[in-house]
Amino acid sequence: MAIRKILTKEDEILNTVCKPVEKFDEKLWQLLDDMAETLYKVHGLGLAAPQIGVLRRVAVIDVGDGLIELVNPVITNTSGEQRGIEGCLSCPEEWGYVTRPMNCTLKAQDRNGNFYEIDLTELACRCACHEVDHLDGKLFLRLVDEFVKPDEE
Ligand code: ZN
């Protein structure tokens, strides 16, 4: 496994729509392993492949309930609403209030290509929505309705 460099928002790669994963091979497993290692190293909650320069629809999240590997994730249902402070590993100095669904259902594939469905709520839902946005080349900054400084929280 290896720690990967996290790109920051100035990088054009973060504005690019990622391509689906088609091969569930050792290269994908290496990518997922590296992403998890990088996520834990920086104490993040989620990391999307474009953040380390890979334009594929892959993300990992862990909000404290264990690692979830998302390959080709699609949000199939949402309900409710939550407004809370959000940040991003690619925007290290910026925090702001973002409104997201309270609950979502994701359809995704695991590292072997098997489809699965998962229901996420609260922080896990926020995180998943944030990561799926990355796969579509969208940063959370466009959704912020009020920026905050970390020391004002
Ligand atoms: Zn992010």
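Residues numbered from 1 in each chain as written. Predicted model: local features only at pLDDT ≥ 70, side-chain atom pairs only at ≥ 80, totals over all residues. Heavy atoms only, no water.

With that out of the way, let us pick up unusual backbone geometry. Of note in the backbone geometry, His43 takes a positive phi value of approximately 55° without being a glycine. You can see His43 is positioned in the loop between α1 (26–41) and β1 (46–48). Of note in the backbone geometry, Glu122 takes a positive phi value of approximately 50° without being a glycine. If you trace the backbone, Glu122 turns up in helix α2 (residues 122–135). (Helix = DSSP H or I, 4+ residues; strand = E, 2+ residues; numbered from the N terminus.)

Summarising the element assignment, Tyr40 is placed in helix α1. Look at Tyr40 and you get partly exposed, because its relative accessible area is 40%. Tyr40 sits 100 residues away from Phe140 along the chain, and the two C-alpha atoms are 21 Å apart. Ignoring sequence-local partners within four residues, the contact set of Tyr40 consists of Asp62 and Leu67. Side-chain polar atoms of Tyr40 contact the side chain of Asp62, separated by 2.5 Å. (Buried < 20%, exposed > 50% of the residue type's maximum accessible area, 1.4 Å probe, protein only. Contact = heavy atoms within 4.5 Å. Polar contact = N/O pair within 3.5 Å; in protein donor to acceptor, adjacent residues only side chain to side chain.)

Taken together, the side chains of Lys19, Lys23, Lys27 and Arg56 define a basic patch exposed on the protein surface. Structurally, the position occupied by Arg56 is in the loop between β1 and β2 (58–61). Classification of Arg56 as partly exposed rests on a relative accessible area of 34%. (Patch = residues over 30% accessible without salt bridge, like charges linked within 9 Å, V, L, I, M, F, W, Y side chains within 5 Å. Areas by Shrake-Rupley, 256 points an atom, 1.4 Å probe, with all protein chains shown as cover. Salt bridge = Lys/Arg side-chain N within 4 Å of Asp/Glu carboxyl O. Lys, Arg positive; Asp, Glu negative; His and termini not counted. Charge placed at Lys NZ, Arg CZ, Asp CG, Glu CD.)

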